[in-house]
Amino acid sequence: MCDIRSGQGMPKICVPIVETTQEKILEAAGALCNSVADVVEWRADYYEDLQEPERLRETVERLGQALGEKALLFTIRTSQEGGEKQISFEEYAVILEAVAEFSEISYIDVEMFWGARGKRGNIWSEADHSCHAPVRTLVAKLRRQVTVIGSYHDFEKTPPSAEITQRLTVMHELGADIPKMAVMPQKREDVLQLMMATWTARQILDPVPVITMSMGSMGAVSRVAGEAFGSAVTFGCVGKASAPGQIEADQLKQILEVLHA
């Protein structure tokens, strides 16, 4: 099974499942089982029975069986960060804590800035410590069972380099094993800014891996150049994409191998 915690070598490929029913989820998993993907991200925010515990348990078990040796990343992407689910933090935490007990799950995505949404600039001042406490507590509980990928997504713009680096380092300070950030470029300079900020964060956090990407067609280069600037995982797709700019996994693998060689 793929382990992305080393952060070394050619970036690992993660592809999403973005279906609404158990039947369609398992059908998608069957198609991914023999794909080039190293990790499969189940975007559970699309799942219609997400808040039905027994149905969720059954789906995770069958999904794990269908994927075989593929590592499984469980993600609830909230509407505040570009996802499909409107949910309270309390409901979110209950689901993640339950899922962490399932042996089929290797990684869980946690949105790290619930308490600082809408804030810009310094999101880690003395005055802000208390707002991060619920996330810190949740991450500590999850890490007893799984590897936590801490995440932050900005579908509107690319924050300044200093903020990107700060958010990645704060995620780690809050307990995330692997910080992840995805941003939307408005100009080509934004893509370079994201890549440079990633490299800075990688040096600060070494040996902790980081994951970053610049979304949309303009940011596609960031999805293939991770080995050069320090991003350990790249997100592609097999069929349905979960974010703008994702490249088909087979093509992505070919490009990564050429650059790696």
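Description of the structure in this document. Starting from 1, residues in each chain are numbered consecutively following that chain's sequence as written. Residues qualify for local features only when their pLDDT is at least 70, as the model is predicted, and side-chain atom pairs are given and counted only at 80 or more; totals for whole chains, interfaces and linings, by contrast, use all residues. The basis for every side-chain value is the complete set of heavy atoms in the structure, and neither hydrogens nor water enter the calculation.

**A few points about the pairing of strand β2 (residues 39-43)**
Here is the rule we go by: Throughout, exposure labels follow a simple rule: accessible area from a 1.4 Å probe, protein chains only, divided by the maximum for the residue type, with under 20% read as buried, over 50% as exposed, and the rest as partly exposed. Where helices and strands are cited, they refer to DSSP runs of H or I of at least four residues and of E of at least two residues respectively, numbered from the N terminus. When DSSP finds at least two bridges between two strands, those strands are taken to pair. Call a crossover right-handed when, viewed with both strands pointing away from you, the route from the first strand across the helix to the second goes clockwise.
Counting buried positions along β2 yields 5 of 5 residues, so the element is predominantly enclosed. Covered by surrounding structure in β2 are Val39, Glu41 and Arg43 together with Val40 and Trp42, the residues of both alternating faces. In this structure, strand β1 (residues 12-17) lies alongside β2, joined through 4 bridges in parallel fashion. Residue pairing across strands places isoleucine 17 opposite tryptophan 42, the latter belonging to β2. Traced from β1 through helix α1 (residues 22-32) to β2, the parallel crossover comes out right-handed. Of the pairings in the sheet, the one linking β2 to strand β3 (residues 71-75) comprises 5 bridges and is parallel in character. Considered in β3, the bridge of arginine 43 is made with threonine 75.

**Focus on the state of the cysteines**
As a reminder, the rule being used: Cysteine sulfur atoms are paired as a disulfide whenever they fall within 2.5 Å.
One pass over the full model with this rule turns up 0 disulfides. With no disulfide partner, cysteine 237 has as its closest neighbouring cysteine sulfur the one in cysteine 14, 11 Å distant. Judged by relative accessible area, cysteine 237 falls into the buried class, the value being 4%.

**Points about the layout of surface pockets**
Which parts of space are left empty comes out when a probe the size of a water molecule is rolled across the atoms. Short version of the rule: Site definitions follow a grid-based scheme: protein atoms alone, a 1 Å grid, a 1.4 Å probe that fits but cannot get out for cavities, and for pockets an open set with protein on both sides within 12 Å along at least five of seven lines, plus lining residues having an atom within 4 Å of a point. Grid points are joined across faces, edges and corners, and a volume is the space filled by probe spheres set on the points.
Reported here for the second largest pocket is a volume of approximately 150 Å³. Pro16, Ile17, Val18, Glu19, Lys24, Glu27, Ala28, Ala31, Leu32, Val238 and Lys240 together form the lining of the second largest pocket. Those elements that place two or more of their residues in the lining of the second largest pocket are β1 and α1. A total of 5 residues in the lining of the second largest pocket trace back to one element, the largest contributor, which is α1.

**As for the packing of helix α5 (residues 161-173) against helix α6 (residues 188-205)**
Rules: An axis is simply a line fitted to the C-alpha atoms; with a helix, the fit covers only the stretch in contact. Between two such axes, the angle follows the N-to-C directions and lies from 0 to 180 degrees. Left-handed describes a crossing in which the near helix is turned anticlockwise from the far one by less than a right angle; the clockwise case is right-handed. We call two residues in contact whenever any of their non-hydrogen atoms come within 4.5 Å of each other. Three residue categories are used. Nonpolar comprises Ala, Val, Leu, Ile, Met, Phe, Trp, Tyr, Cys and Pro, charged comprises Asp, Glu, Lys and Arg, and polar comprises the others, including Gly.
Following both chains from N to C, one finds α5 and α6 inclined at 35 degrees, their axes separated by 8 Å at the closest point. Judged by the twist between their axes, the crossing of α5 over α6 is right-handed. Residues Ser161, Ile164, Thr165, Leu168, Thr169 and His172 of α5 form the contact with α6, whose own contacting residues are Gln193, Leu194, Ala197, Thr200, Ala201, Ile204 and Leu205. Here the residues of the contact of α5 with α6 sort into 7 nonpolar, 6 polar and no charged.

**Topic: the side chain of arginine 77**
Inclusion rule: Counting of polar contacts relies on pairs of N or O atoms within 3.5 Å, with two restrictions inside protein: one atom must be capable of donating a hydrogen and the other of accepting it, and residues adjacent in sequence are counted only when both atoms are side-chain atoms.
Relative to the helices and strands, arginine 77 is located in the loop between β3 and α3 (89-99). Using a relative accessible area of 4% as the deciding quantity, one classes arginine 77 as buried. Of note is the side chain of arginine 77, whose polar atom sits 3.4 Å from the side chain of serine 151. Once you skip the residues sitting within four places of it in the chain, arginine 77 turns out to touch Glu41, Arg43, Asp45, Gly82, Gly83, Glu84, Lys85, Asp109, Glu111, Ser151, His153 and Lys180.

**Side note on the pairing of strand β6 (residues 178-183)**
β6 sits mainly inside the fold: 6 of its 6 residues count as buried. By the bridge criterion, 6 bridges tie strand β5 (residues 147-154) to β6 in an arrangement that is parallel. Bridge pairing in β6 links glycine 150 to proline 179. Crossover handedness for the path β5 to α5 to β6: right-handed. When β6 meets strand β7 (residues 211-214), the two strands line up parallel, connected through 4 bridges. By the bridge assignment for β7, lysine 180 is matched with isoleucine 211. Of the crossover connections in this fold, the one passing from β6 over α6 to the parallel β7 is right-handed.

**Observations regarding the nonpolar core**
The following threshold applies: Side-chain atoms within 4.5 Å link the members of a nonpolar core, which is a set of buried Ala, Val, Leu, Ile, Met, Phe, Trp, Tyr and Cys residues.
Core analysis: the biggest nonpolar cluster contains 67 residues, and Trp42, Phe74, Ile108 and Val110 have the highest contact counts within it. No other element matches α3, which puts 6 residues into this core. Leaving out residues up to four positions away in the same chain, isoleucine 108 has contacts with Leu73, Phe74, Leu96, Val99, Ala100, Leu142, Val146, Thr147, Val148 and Ile149. Of all hydrophobic cores here, the second largest spans 17 residues; its members include Ile4, Tyr107, Ile211 and Val233.

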